[in-house]
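As a plain string of letters, each chain reads:
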Amino acid sequence: ATSRLLVNYQEPYRSQILDYLFKPNFGASLHILKVEIGGDGQSTDGTEPSHMHYENDENYFRGYEWWLMKEAKKRNPKIKLIGLPWTFPGWIGRGENWPYDYPDVTAYYVVSWILGAKQYHNLDIDYIGIWNERAFNSKYIKLLRYTLDKHGLQQVRIIASDRLWEPISFVLLLDSELHEVVDVIGAHYPGTKTVPNALLTKKKLWSSEDYSTFNDEVGAGCWARILNQNYVNGNMTSTIAWNLVASYYEELPFGRCGLMTAQEPWSGHYKVEAPIWITAHTTQFTQPGWSYLQVDGHLEGGGSFVALTDGLGNLTIIIETMTHNHSQCIRPPLPHYSVTPQRATFYLKGSFYMVETLQVWHSRLSFESGKSILFQQLHPVKVGKGIFSLDLKVDEVYTLTTLKTGKKCGCPEPPPPHPFPSNYKDDFNIRNPPFSEAPNFADQTGVFEYFINASDPGDHVFTLRQVVVQRPVTWVSDADQTISIIGNFQWINLTVTCDIYIEKQHDGGVFIAGRVDNGGIYVRQTKGIFFWVFADGTYRITGDLAGKEVLMKGLAGVRDNAWHTLTLNIQGSSASGLLNGYPLWDNVTISKPSNGWAAIGTRSFEFAQFDNFHVEA
């Protein structure tokens, strides 16, 4: 759920960000885009909506992944697309938190996503995964292959198991039927190493999720090192960074762990971080279908190199000399090693003996002066009788290539950063919204979608509705309540007003909240000031989302299937609340949290509607 805020950037900024990511010979020139198959559950920094909330429901226009894949393909028709589920809608598990009890149902669900991508968006999915970082099931994988083939999707390849090298590699060696249907072994955060069983399978080996590191110069060093060493040490021919672009509230888990940063759609500000240009060293001078040359890529003074060819005479060599302390990734721990300045001599043989000059692109990451050199073209290197030498300093990346197509493009400077507007309103009155979700709301449990209330006489035709009514097959511990956050995490004093409509009779309930301090994988522990009203006519003020820390309670007279207006006012160490414009409670003393987002949500997985949201901070 990391591209959440990208979608509501205004033009031209949104297109500039997408150009830096996907446009060939411009910036990162990415070769692969891997997206989440939304399952209505929390997947790290939020929930992504499923194409099938309920068993009899299909909609291929929810969320932002369809849009993102189309924008990527528009810029680079050759980009490879991968889909992978983190969570599944509750009906898939038939009441169990497990997607494999009815493998035919799960296979049908995943294949329908692939078919929908083609039918509604003309997108061809190249690879499909099993279940992110969770158990795989051999019977399910075989059934998935069968279901793909049955629907004419022979070209879609299967990647497994997006976790560790084992047990998938061992099982592939034991089960010849499974060996036949799995095309790629994908491991996460392999630390540039593989295992003997994985090599014995003779399958393509990928680091199918890696990086996940804060995108400063150290993050760039991490990325430079693993892009080379995943092949040099681990025979991996693809490395996929989580995440593409940091377009989620920075205080959510793993803030700014993207290749670039675009977390301010309200200001238009974004930042092209160093990892973008490190990526370019590889992606602008190779393509899917190129082959790694089987050379020992370790340099004598430390660091590494890889060499690739298109088989048509082109050659690209990428060299990195990242030092230990300047290239640590978030995981796994990096054993100590040393790198020293060195002179490296390369010998080109066979068909490359005839190469006379190589284009040179250079980066040097600087950790003292803060003045890094990023992706700069230098004078070509002359090759004599197949031999050339380079003087390498530490923390550098070089690309030497026969290709002359490299480019470092720049857009005009984006607008300066600006905090979230301190006075923000949304009445959700939009007839044909470009996306299913309202701007800036970041769902953390449940899914909140634009809704048209055909039966409403007038004031509340267009609303925002919570639509997940059964606990999903979860990936982490989603809350038992639904919640969507919005605004500025630094907010202290604020007034939140929202019209609310409880749909669930007897025990339904909704809340508005301020100073909300948590989300993502930690959503169950969320604290804040929560103002709840329930269908039984009662209200509560709690200091937590779980509703355990009750600060005040009483009678409100709210009922289900009627509109009411809630107002929550938080000033310093005191909070008060209004119902339909009249004071309901006041002088509730609050100690912590001292700041946080605004939020809306429901008591359980239940239908409820919200309208005329307004926050003033």
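Keep in mind the model is a prediction, meaning the values are calculated, not measured. (Residues numbered from 1 in each chain as written. Predicted model: local features only at pLDDT ≥ 70, side-chain atom pairs only at ≥ 80, totals over all residues. Heavy atoms only, no water.)

Q: Would you take a moment to explain the UniProt feature "domain: Glycosyl hydrolase family 59 catalytic" (unreviewed entry) in the protein chain for this structure?
A: Mapped onto this numbering, the UniProt entry annotates "domain: Glycosyl hydrolase family 59 catalytic" (unreviewed entry) at residues 1-284. With 36% helix and 16% strand, the stretch residues 1-284 has end C-alpha atoms that lie 27 Å from each other. (UniProt positions renumbered as here; feature names shortened; annotations may be inferred. Helix = DSSP H or I, 4+ residues; strand = E, 2+ residues; numbered from the N terminus.)

Q: Even after reading the chapter, I still don't get the state of the cysteines, so can you show me in this structure?
A: Put plainly, a disulfide is one covalent bond tying together the sulfur atoms of two cysteines. Taken as a whole and assessed by the stated rule, the structure comprises one disulfide. Two residues, Cys 222 and Cys 329, share a disulfide whose sulfurs are 2.2 Å apart. Across the S-S bond linking Cys 222 and Cys 329, the dihedral sits near 100°, which makes this disulfide right-handed. Of the two residues, Cys 222 is situated in helix H9 (residues 217-232) and Cys 329 in the loop between strand S12 (315-320) and strand S13 (342-347); the sequence distance between them amounts to 107 residues. For Cys 257, which is in no disulfide, the shortest distance to another cysteine sulfur is to Cys 222 and amounts to 9.6 Å. Owing to a relative accessible area of 3%, Cys 257 belongs among the buried residues under this scheme. Between Cys 411, a cysteine without a disulfide, and Cys 409, which holds the nearest cysteine sulfur, the sulfur-to-sulfur distance is 8.0 Å. (Disulfide = S-S within 2.5 Å. Buried < 20%, exposed > 50% of the residue type's maximum accessible area, 1.4 Å probe, protein only.)

Q: Which parts of the structure should I look at to understand helix H1 (residues 13-22)?
A: Every α-helix winds through 3.6 residues per turn, so residues three or four apart in the chain are directed the same way. Counting buried positions along H1 gives eight out of 10 residues, so the element sits mostly inside the fold. Regarding H1, the residues found buried are Arg 14, Gln 16, Ile 17, Leu 18, Asp 19, Tyr 20, Leu 21 and Phe 22. On the buried face of H1, the contacting elements are strand S1 (32-37), helix H2 (65-75), strand S8 (261-264), strand S9 (269-271) and helix H10 (274-283). (Contact = heavy atoms within 4.5 Å.)

Q: Explain the packing of H1 against H2 to me, please; I cannot follow it from the model alone.
A: How two helices pack is summed up by the angle between their axes together with the distance between the axes. Here H1 crosses H2 at 65°, and the two axes come no closer than 10 Å. Relative to H2, the element H1 lies roughly perpendicular. Pair H1 / H2 crosses with right-handed handedness. Here Arg 14, Ser 15, Leu 18, Asp 19 and Phe 22 of H1 lie close against H2, whose contacting residues are Trp 67, Leu 68, Glu 71, Ala 72 and Arg 75. The residue makeup of the contact of H1 with H2, split by class, is five nonpolar, one polar and four charged. (Axes fitted to C-alpha atoms, helices over the stretch in contact; angles between N-to-C directions. Parallel < 35°, antiparallel > 145°, perpendicular 65-115°, else oblique. Left-handed = near helix turned anticlockwise from the far one by under 90°. Nonpolar A, V, L, I, M, F, W, Y, C, P; charged D, E, K, R; others polar.)

Q: Explanation requested: the pattern of salt bridges in the structure shown.
A: Should the charged atoms of two oppositely charged side chains come close, the side chains can pair. Following the criterion strictly, the structure yields 20 salt bridges and no others. The salt bridge partner of Glu 71 is Arg 75, with a shortest N-O separation of 2.8 Å. Taken together, the positions of Glu 71 and Arg 75, both in helix H2 and four residues apart, correspond to about one turn of that helix. As far as burial versus exposure is concerned, Glu 71 and Arg 75 are alike and both buried. A salt bridge links Glu 273 to Lys 271, with the nearest nitrogen and oxygen atoms 3.2 Å apart. Judged by relative accessible area, Lys 271 falls into the partly exposed class, the value being 44%. Put simply, Asp 19, Glu 71, Lys 74 and Arg 75 are held in one network by salt bridges that share partners. (Salt bridge = Lys/Arg side-chain N within 4 Å of Asp/Glu carboxyl O.)

Q: Explain the packing of aromatic side chains here, please?
A: Geometry of an aromatic ring pair is reported as the spacing of the ring centres plus the angle between the planes. Taken as a whole and assessed by the stated rule, the structure comprises 41 aromatic pairs. On the numbers, 6.0 Å between centres and 70° between planes, the contact of Phe 88 with Trp 131 is edge-to-face. Separated by 43 residues along the polypeptide, Phe 88 in the loop between strand S2 (80-85) and helix H3 (90-93) and Trp 131 in the loop between strand S3 (127-128) and helix H5 (138-150) bring together distant segments of the chain. Residue classification places Phe 88 among the buried positions, given a relative accessible area of 0%. On the basis of relative accessibility, which here comes to 4%, the residue Trp 131 falls in the buried class. Their ring planes at 40° and their centres at 5.4 Å tell us that Tyr 100 and Tyr 140 sit as a pair that is tilted. Here Tyr 100, found in the loop between H3 and helix H4 (103-121), pairs with Tyr 140, found in helix H5; they are 40 residues apart in sequence, far enough to count as distant. (Phe/Tyr/Trp six-rings, centres within 6.5 Å; stacked < 30°, edge-to-face > 60°.)

Q: Is there a simple way to think about the sheet that holds strand S19 (residues 442-445) in this case?
A: Across a sheet, strands are paired by hydrogen bonds formed along the backbone, either parallel or antiparallel in direction. Taken in spatial order, the seven strands of this open sheet run S19-S22-S31-S24-S25-S26-S27, and their pairing is antiparallel. Since the sheet does not close on itself, it has two edges, and those belong to S19 and strand S27 (550-555), each with one partner. Strand-to-strand twist in this sheet, taken as the mean axis angle between neighbours without regard to direction, amounts to 20°. Where strand S24 (residues 509-516) lies against strand S31 (residues 597-602), five bridges are found, and the strand directions are antiparallel. The partner of Val 516 across the bridge, within S31, is Trp 597. (Pairing = 2+ DSSP bridges.)

Q: Help me out: how do you make sense of the domain arrangement of the protein chain in this one?
A: By a widely used convention, the size of an interface equals the accessible area lost when the partners come together. In terms of domains, the protein chain is made up of domain 1 (12-268) and domain 2 (423-616). Contacts between domain 1 and domain 2 engage 41 residues on the former and 33 residues on the latter. Interface of domain 1 and domain 2: buried area, both sides summed, is about 2,700 Å²; carbon and sulfur atoms make up 56% of it. Counting every contact that joins domain 1 to domain 2 gives one salt bridge. Between Glu 449 and Arg 62 there is a salt bridge whose closest N-O contact spans 3.5 Å. Class assignment for the residues of the side of domain 1 that touches domain 2 results in 18 nonpolar, 15 polar and eight charged. (Domains from an automatic or database assignment. Buried area = accessible area lost by both parts, 1.4 Å probe.)

Q: What exactly am I supposed to notice about the packing of H9 against H10 here?
A: Direction vectors running N to C along H9 and H10 enclose 20°, while the axes themselves pass 8 Å from each other. Classified by the angle between their axes, H9 and H10 sit roughly parallel to one another. Once H9 is placed against H10, the crossing between them reads as right-handed. Contact residues: H9 offers Glu 217, Gly 219, Ala 220, Trp 223, Ala 224 and Leu 227, while H10 offers Ala 274, Pro 275, Ile 278, Thr 279 and Thr 282. Looking at the contact of H9 with H10 residue by residue, the class counts come to seven nonpolar, three polar and one charged.

Q: Can you help me understand the UniProt feature "active site" (unreviewed entry) in the protein chain in this one?
A: In the numbering used here, UniProt assigns the feature "active site" (unreviewed entry) to Glu 133 and Glu 209. These annotated residues cover 77 residues of sequence, and their C-alpha atoms lie no more than 9.9 Å from one another, placing them together at a single site. Within the element layout of this structure, Glu 133 appears in the loop between S3 and H5. When near neighbours in sequence (up to four residues on either side) are disregarded, Glu 133 contacts Ser 161, Asp 162, Arg 163, His 188, Tyr 189, Glu 209 and Trp 475. Turning to its location among the elements, Glu 209 is positioned in strand S6 (residues 204-211). Excluding residues that lie within four positions of it along the chain, Glu 209 makes contacts with Trp 86, Asn 132, Glu 133, Ala 187, His 188, Tyr 189, Pro 190, Ile 240 and Trp 242.

Q: When you look at the nonpolar core in this model, what are you seeing that I'm missing?
A: Looking at soluble globular proteins, one finds that nonpolar side chains tend to be buried together. With 103 residues, the main nonpolar core has Phe 22, Leu 33 and Ile 141 as its most contacted residues. Viewed by domain, this core spans two of them, domain 1 (12-268) and domain 2 (423-616), each represented by three or more residues. Ignoring any residue separated from it by four or fewer positions in sequence, one finds Ile 141 in contact with Ile 130, Phe 136, Ile 158, Ala 160, Leu 178, Val 181 and Val 182. One finds Trp 532, Phe 534, Leu 545 and Trp 585 within the second-largest nonpolar core, a separate group that totals 62 residues. (Core = buried A, V, L, I, M, F, W, Y, C linked by side-chain atoms within 4.5 Å.)

Q: Explain the environment of Val 35 to me, please; I cannot follow it from the model alone.
A: Residue placement: Val 35 occurs in strand S1. Separated by 272 residues in the primary sequence, Val 35 and Ala 307 place their C-alpha atoms 29 Å from one another. Every residue in contact with Val 35, bar those within four places of it in the chain, is listed here: Glu 65, Met 69, Ile 82, Gly 83, Leu 84 and Trp 113.

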